[in-house]
Amino acid sequence: MATYFVGNFRITDAEGMAKYRETVVPLLLKEGCEFLVINDDVEVVEGREDHLLLA
């Protein structure tokens, strides 16, 4: 059964997020997770800039 997760995150601690990714991403991949889209180069074209990472 496929499960999809869509998140819109405001990252306020880039160093902490890097450490988190180093730990969590290998665990997710080990369990069969596939990342379809990860984009940290988001351009806000309308509204407020409330996110820095779209996953």
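Everything numeric in this text was worked out from a predicted model, so none of it was measured.

1. Details of the overall build of the protein
1) Next: If you tally the helices and strands in the protein, you get one helix and two strands.
2) Next: Listing the helices and strands of the protein from first to last along the sequence gives β-α-β.
3) Next: Pairs at least 24 residues apart make up 53% of the contacts formed inside the protein by residues separated by at least 6 positions.
4) Next: Just so you have it, the protein exposes about 5200 Å², and 54% of that area is on carbon and sulfur atoms.

2. Some points on the confidence of the model for the protein
Regions with low pLDDT should not have their predicted coordinates read in detail.
1) Next: Of all residues in the protein, 87% attain a pLDDT of 70 or more, and the chain-wide mean is 81.
2) Next: Of all helices and strands in the protein, the one with the weakest mean pLDDT is strand 2 (residues 53-54) (53), whereas helix 1 (residues 14-30) scores best (92).

3. Considerations on helix 1
For the α-helix, the turn length of 3.6 residues means that residues three or four positions removed from each other point alike.
1) Next: Taking 1.5 Å of rise per residue, the 17 residues of helix 1 would be expected to cover 24 Å, and the 24 Å separating its terminal C-alpha atoms lies within 8% of that figure.
2) Next: Along helix 1, the helix axis deviates most sharply at arginine 21, where the bend reaches about 30 degrees.
3) Next: After helix 1 finishes, the residue glycine 32 shows a positive phi value of roughly 95 degrees.

4. What about the pattern of salt bridges?
1) Next: Taken as a whole and assessed by the stated rule, the structure comprises one salt bridge.
2) Next: In this structure, glutamate 15 and lysine 19 form a salt bridge, with 3.5 Å as the shortest nitrogen-oxygen distance. Taken as a pair, glutamate 15 and lysine 19 lie in helix 1 at a separation of four residues, close to a single helical turn. The same class applies to glutamate 15 as to lysine 19, namely exposed.

5. Observations concerning a nonpolar patch on the surface
1) Next: Nonpolar side chains collect at one region of the surface, where Leu28, Leu29, Phe35 and Ile38 lie side by side and expose about 360 Å² of accessible area between them.
2) Next: Mapped onto the fold, phenylalanine 35 is located in the loop between helix 1 and strand 2.
3) Next: You can call phenylalanine 35 partly exposed: its relative accessible area is 39%.

Conventions used here
Residues numbered from 1 in each chain as written. Predicted model: local features only at pLDDT ≥ 70, side-chain atom pairs only at ≥ 80, totals over all residues. Heavy atoms only, no water. Helix = DSSP H or I, 4+ residues; strand = E, 2+ residues; numbered from the N terminus. Contact = heavy atoms within 4.5 Å. Areas by Shrake-Rupley, 256 points an atom, 1.4 Å probe, with all protein chains shown as cover. pLDDT = per-residue confidence, 0-100. Expected span 1.5 Å × (residues − 1). Bend = angle between axes of the 7 residues up to and from the residue. Salt bridge = Lys/Arg side-chain N within 4 Å of Asp/Glu carboxyl O. Buried < 20%, exposed > 50% of the residue type's maximum accessible area, 1.4 Å probe, protein only. Patch = residues over 30% accessible without salt bridge, like charges linked within 9 Å, V, L, I, M, F, W, Y side chains within 5 Å.

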